[in-house]
Amino acid sequence: MKNDKITHNTKFKTSYGTIAKVVNYDDASGLYMYKDNYNNTGYKSDEYILNNGM
């Protein structure tokens, strides 16, 4: 379910130590797609993003 605290461009730190920002929400998986400062993309949960927010 989409979390109101997370918006497009919400920044957080990935498990690799890179800085990422939210680019999209995927309804099917319930995860947020992100892109980091090395142009890597991936998916994280709202809980992870809020716990690692910047």
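Small disclaimer: the values here were computed from a predicted structure and weren't measured.

So, about the overall build of the protein chain. The number of helices and strands found in the protein chain is one helix and four strands. Counting from the amino terminus, the protein chain carries its helices and strands in the arrangement β-β-β-β-α. Over its C-alpha trace the protein chain gives a radius of gyration of 10 Å, about what one expects of a compact globule, namely 10 Å for 54 residues. Seen through its principal axes, the protein chain has C-alpha atoms that stretch 25 × 20 × 15 Å.

Turning to its location among the elements, Met54 is positioned in the segment after helix 1 (46-51). With 35 residues separating them along the chain, Met54 and Ile19 place their C-alpha atoms 8.8 Å apart. Ignoring sequence-local partners within four residues, the contact set of Met54 consists of Lys11, Phe12, Lys13 and Ile19.

Another point: the sheet that holds strand 3 (residues 31-36). Reading across from one edge, 1-2-3-4 is the order of the four strands in this open sheet, with antiparallel pairing throughout. If you trace the sheet from one side to the other, it starts and ends with strand 1 (11-13) and strand 4 (41-44), each paired once. Direction aside, the axes of adjacent strands within the sheet are offset by 45° on average. Here strand 2 (residues 19-26) pairs with strand 3 via six bridges, running antiparallel. Note on strand 3: the bridge partner recorded for Asp26 is Leu31.

About the cut-offs
- Throughout this description, residue numbers start from 1 for each chain and increase along the sequence as written.
- Side-chain atom pairs in this predicted model are given and counted only at pLDDT of 80 or more, local residue features only at pLDDT of at least 70, and totals for whole chains, interfaces and linings cover all residues.
- Just so you know, side-chain values use all the structure's heavy atoms and leave hydrogens and water out.
- A helix here means a DSSP run of H or I that spans at least four residues, while a strand means a run of E at least two residues long, and both kinds are numbered starting from the N terminus.
- In this setup the radius of gyration rests on C-alpha atoms only. A globule is expected at 2.2 Å times the number of residues raised to 0.38.
- Throughout, a contact is declared for two residues whenever any of their heavy atoms are within 4.5 Å.
- Strands were regarded as paired on the criterion that DSSP finds at least two bridges between them.
- With axes taken as lines fitted to C-alpha atoms, and helix axes fitted only over the stretch in contact, angles between N-to-C directions fall between 0 and 180 degrees.

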